Amino acid sequence: MRIATSTGDIAQSDADVIVVNLFEGVTVPGGATGAVDAALGGAIRRLIELGDLRGKAGEFTLIHTHGQIPAPRVLVAGLGKQADFDVDAIRNLSANVVRYLRRPGIGRVATIVHGAGIGGLDLGACAQAVAEGAILGSYRFLKHRSSSPDERTEIATLEIVEHDAGRAAAVEAAARRGDVLGMATNTARDMANEPSNHLTPTMLAERAQMIVAATPSLSIQVLERAEMEAKGMGSMLSVAKGSAQPPKMIRIDYRGKGGEGFDLAIVGKGITFDTGGISIKPAGNMDAMKADMTGAATVIAAMQAIAALGPKVDVVAIAPCTENMPGGNATKPGDVVSAMNGTTIEILNTDAEGRLVLADGLCWAVELGARRLVDVATLTGAATTSFGDVCYGIMTNDDGLAGALEQAAAASGEKTWRLPMFKEYDDYVKSDVADIKNAGTRGAGTIVGAKFLERFVGKTPWVHLDIANVDMMDKDRGWVSKGASGYSVRTLINLALGLE
Ligand code: BES
Ligand code: MN
Ligand code: ZN
């Protein structure tokens with residue numbers, strides 16, 4: 001879907017449908033909705049009088065215009081109660097509008113900037129949310145179907161129409177930002193939705209290379225097994241041992257400032273399939289483990305958007321990518337390996353592999369001079385026990401960076417919740433035979449994962465995002481898409497933008 005912006009009277013647009021809105025309780029619409037109502041000879045007011053149009057959140061009313069205005073259809077989108085309305089509601093509404101209008105005969109959609117007329121909401125934020133929500137809501141993963149599952153066609157163009165020419169430049173810049181953030185999220189979704197036979201570590205590295213090749217301000221390096229061995233990445237390599245697929249350690253650099261080291265490193269777990277290894281998982285739902293590389297997809301896609309938006313910060317992304325397979329050469333419970341920083345690890349459960357690959361990814365980020373670290377991982381099933389799919393857990397050694405992350409998440413419409421990192425939990429990763437062990441026995445599974453990772457970040461401010469409970473969703477819901485949700489992609493982008 002192409003996002004366009006224009007200035008003028010939306011009632012004069014000749015798009016296939018024009019989108020206006022209505023708050024709950026309003027009987028005489030104003031603004032653009034009022035202008036369209038007048039052009040339609042009071043049709044919208046009449047529907048309100050009849051009780052057919054109530055402005056409730058999620059209510060969509062499609063009106064046929066019978067030649068009274070150039071556009072053949074008007075969609076009145078219910079905004080709900082004005083007191084509950086915010087930028088998140090706009091993003092979700094825009095996504096739902098696009099889903100609703102995905103039907104034969106609708107190729108060009110014109111919309112007003114929802115929320116722009118209301119005090120307190122920033123015009124740019126509203127315009128961005130309209131564009132972002134539309135791109136996010138238009139996402140579907142159809143590439144492995146030989147024919148479309150339904151009659152629904154894609155909307156070719158969404159045109160955001162601003163009445164006031166003085167505000168056009170702001171709307172245009174904001175729409176572009178929303179477009180870039182939405183597209184990067186869809187890039188990550190495409191990777192996370194891909195079955196593991198279509199996205200091995202090698203193919204994931206190739207996708208990263210293609211993104212970088214199309215983006216002038218990015219550069220890429222992919223470490224092969226021998227190079228990882230030379231760097232002492234024994235923790236990462238222990239996970240790769242059971243697989244016939246060669247592991248890849250992907251690094252992408254963005255230099256917006258051209259300084260020393262990096263203002264931010266984002267490190268993403270890239271398990272292209274997690275069988276559990278020798279500590280093998282039960283068969284039920286194991287297919288979901290094709291998405292265990294969502295962290296890697298997230299950091300790679302975030303770099304695409306960061307580069308496109310060009311903030312004056314230096315950012316590096318690192319994605320340790322491998323399968324976790326059982327096999328004749330696979331790591332066995334009780335094995336001891338050593339990570340890049342010399343820490344020895346007793347592997348008690350080969351299914352706790354995410355922390356093993358992230359350990360070396362984080363060590364490398366520290367070696368590269370990262371001044372802030374954020375890792376993203378589908379790390380623990382316990383995240384679902386704690387949070388369901390409402391919010392994701394963050395764990396940190398630095399309140400300042402965690403605060404910035406929380407703000408970036410809130411700006412993205414994502415809820416986060418901090419889990420404690422009390423030093424008493426350090427005991428949970430103590431091993432009898434090595435420096436630490438990779439799995440605990442006393443509960444607090446999500447915190448244990450973070451306590452393990454903390455051993456590889458040194459004193460660098462660091463935040464860990466465990467997105468295992470939100471990476472895949474079972475239904476479309478506002479900006480969230482069924483399958484790979486796209487959670488945390490925009491949060492990382494917004495965090496990087498905020499460091500400028
Ligand atoms: N990839 C899984 C976590 C996961 C589970 C993600 C369900 C998404 C949905 C991870 O590698 C894993 O297996 N974690 C184990 C850790 C345990 C063995 C300490 C878990 O959570 O059971
Ligand atoms: Mn696992
Ligand atoms: Zn895993």
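Refer to the structure above for everything that follows.
Residues numbered from 1 in each chain as written. Chains lettered and ligands numbered in written order. Predicted model: local features only at pLDDT ≥ 70, side-chain atom pairs only at ≥ 80, totals over all residues. Heavy atoms only, no water.

> Is there a simple way to think about the overall build of the chain in this case?
For the chain, the helix and strand inventory stands at 14 helices and 20 strands. Dimensions of the chain along its principal axes, counting C-alpha atoms only, are 80 × 45 × 45 Å. When the 500 residues of the chain are sorted by exposure, 56% land in the buried category. Here the contacts in the chain between residues at least 6 apart in sequence split such that 76% fall between residues at least 24 apart. Summing over all exposed atoms, the chain offers an accessible surface of approximately 19,100 Å²; the carbon and sulfur share of this is 50%. Counting 49 positive and 58 negative side-chain charges, the chain places the averaged centre of each group 1 Å from the other. (Helix = DSSP H or I, 4+ residues; strand = E, 2+ residues; numbered from the N terminus. Buried < 20%, exposed > 50% of the residue type's maximum accessible area, 1.4 Å probe, protein only. Contact = heavy atoms within 4.5 Å. Areas by Shrake-Rupley, 256 points an atom, 1.4 Å probe, with all protein chains shown as cover. Lys, Arg positive; Asp, Glu negative; His and termini not counted. Charge placed at Lys NZ, Arg CZ, Asp CG, Glu CD.)

> Got a minute to help me understand the site of ligand 1 in this structure?
Inspection of the region around ligand 1 gives 16 residues, with D274, K281, D351, E353 and G381 positioned closest. Side-chain polar atom of D274 to an oxygen atom of ligand 1: 2.9 Å apart, as the coordinates give it. T378 is positioned such that a nitrogen or oxygen atom in its backbone is 3.4 Å from a nitrogen atom of ligand 1. (Near = heavy atom within 4 Å. Polar contact = N/O pair within 3.5 Å; in protein donor to acceptor, adjacent residues only side chain to side chain.)

> Whenever I open this one, the coordination of the zinc ion (ligand 3) confuses me. Can you help?
Within the protein, K269 (NZ), D274 (OD), D292 (OD) and E353 (OE) serve as the donor atoms for the zinc ion (ligand 3), at 2.0 to 2.4 Å. One way to put it: the 6 donor atoms around the zinc ion (ligand 3) meet at angles of 78 to 172°, and that makes the site octahedral. Binding-site remark: the zinc ion (ligand 3) is held by donors from one chain whose sequence spacing is K-x4-D-x17-D-x60-E. The distance between the zinc ion (ligand 3) and the manganese ion (ligand 2) comes to 3.1 Å, with D274 serving as a donor to both metals. (Donors = N, O, S within 2.8 Å, 3.2 Å for Na, K, Ca; no water. Tetrahedral: all angles 85-135°; square planar, octahedral: opposite > 155°, others 65-115°.)

> Explain helix α2 (residues 43-50) to me, please; I cannot follow it from the model alone.
Because each turn of an α-helix spans 3.6 residues, side chains separated by three or four positions end up pointing in the same direction. Buried within α2 are the following residues: I44, L47 and I48. Within α2, the buried residues cover an arc of 100° as seen down the axis, which keeps them to one side. The elements touched by buried residues of α2 are β2 (17-23), α1 (31-39), β3 (60-64) and β4 (73-80). Just past α2, the residue G51 takes up positive phi, approximately 85°. (Arc of directions from axis to C-beta.)

> Sorry if this is basic, but what is going on with the coordination of the manganese ion (ligand 2) here?
By definition of the ideal shapes, four donors in a tetrahedron about a metal sit 109.5 degrees apart, and six donors in an octahedron sit 90 or 180 degrees apart. Listed as protein donors to the manganese ion (ligand 2) are D274 (OD), D351 (O), D351 (OD) and E353 (OE); their distances from the metal cover 2.0 to 2.2 Å. Around the manganese ion (ligand 2) sit 6 donor atoms; with metal-centred angles ranging over 70 to 167°, the donor geometry is irregular. Positions of the donor residues of the manganese ion (ligand 2), expressed as sequence spacing, correspond to D-x76-D-x1-E.

> Would you mind showing me how to read the environment of R103 here?
Within the secondary structure, R103 is located in the loop between α3 (87-100) and β5 (108-111). Accessibility expressed as a relative area gives 29% for R103, which makes it partly exposed. A C-alpha to C-alpha distance of 9.5 Å links R103 and D150, two positions 47 residues apart in sequence. For R103, the residues in contact, after removing those within four places along its chain, are L62 and T153.

> Would you take a moment to explain the sheet that holds β5 for this structure?
Backbone-to-backbone hydrogen bonds join strands into a sheet, with any given pair of strands oriented parallel or antiparallel. With mixed pairing, 6 strands are arranged side by side in an open sheet as β1-β6-β5-β2-β4-β3. The open sheet has two edge strands with one neighbour each: β1 (2-7) and β3. Averaged over all pairs of adjacent strands, the angle between their axes in this sheet comes to 25°, without regard to strand direction. The pairing of β2 with β4 spans 6 bridges and is classified as parallel. Counted as the bridge partner of V19 is L75 from β4. Sitting on the sheet, α1 touches β2 and β4, and the angle it makes with β2 is about 120°. Sitting on the sheet, α3 touches β2, β3 and β4, and the angle it makes with β4 is about 145°. (Pairing = 2+ DSSP bridges. Axes fitted to C-alpha atoms, helices over the stretch in contact; angles between N-to-C directions.)

> What exactly am I supposed to notice about the side chain of N21 here?
Along the chain, the position of N21 falls in strand β2. Given the relative accessible area of 12%, N21 is considered buried. One polar contact links N21 to H114, side chain to side chain, over a distance of 3.0 Å. Non-local contacts of N21, meaning those with residues more than four positions away in its chain, are made with T33, V76, A77, L79, I112, H114 and G115.

> It is not clear to me how the nonpolar core should be interpreted in this structure. Could you clarify?
A general feature of soluble globular proteins is that nonpolar side chains tend to end up buried together. Core analysis: the biggest nonpolar cluster contains 58 residues, and I250, I266 and I300 have the highest contact counts within it. The biggest single contributor to this core is helix α9 (residues 294-309), with 10 residues. Excluding residues within four positions of it along the chain, I266 makes contact with V299, A302, M303, V315, V316, A317, I318, V374 and L492. If you look at the next biggest cluster of nonpolar residues, it comprises 48 residues, including I271, I318, C391 and F452. (Core = buried A, V, L, I, M, F, W, Y, C linked by side-chain atoms within 4.5 Å.)

> What am I meant to see in the state of the cysteines here?
Among covalent bonds in proteins, the disulfide is the one between the sulfur atoms of two cysteines. According to the stated counting rule, one finds 0 disulfides in the structure shown. Counting only cysteine sulfurs, C321 is the nearest neighbor of C363, a cysteine outside any disulfide, at a range of 17 Å. On the basis of relative accessibility, which here comes to 7%, the residue C363 falls in the buried class. (Disulfide = S-S within 2.5 Å.)

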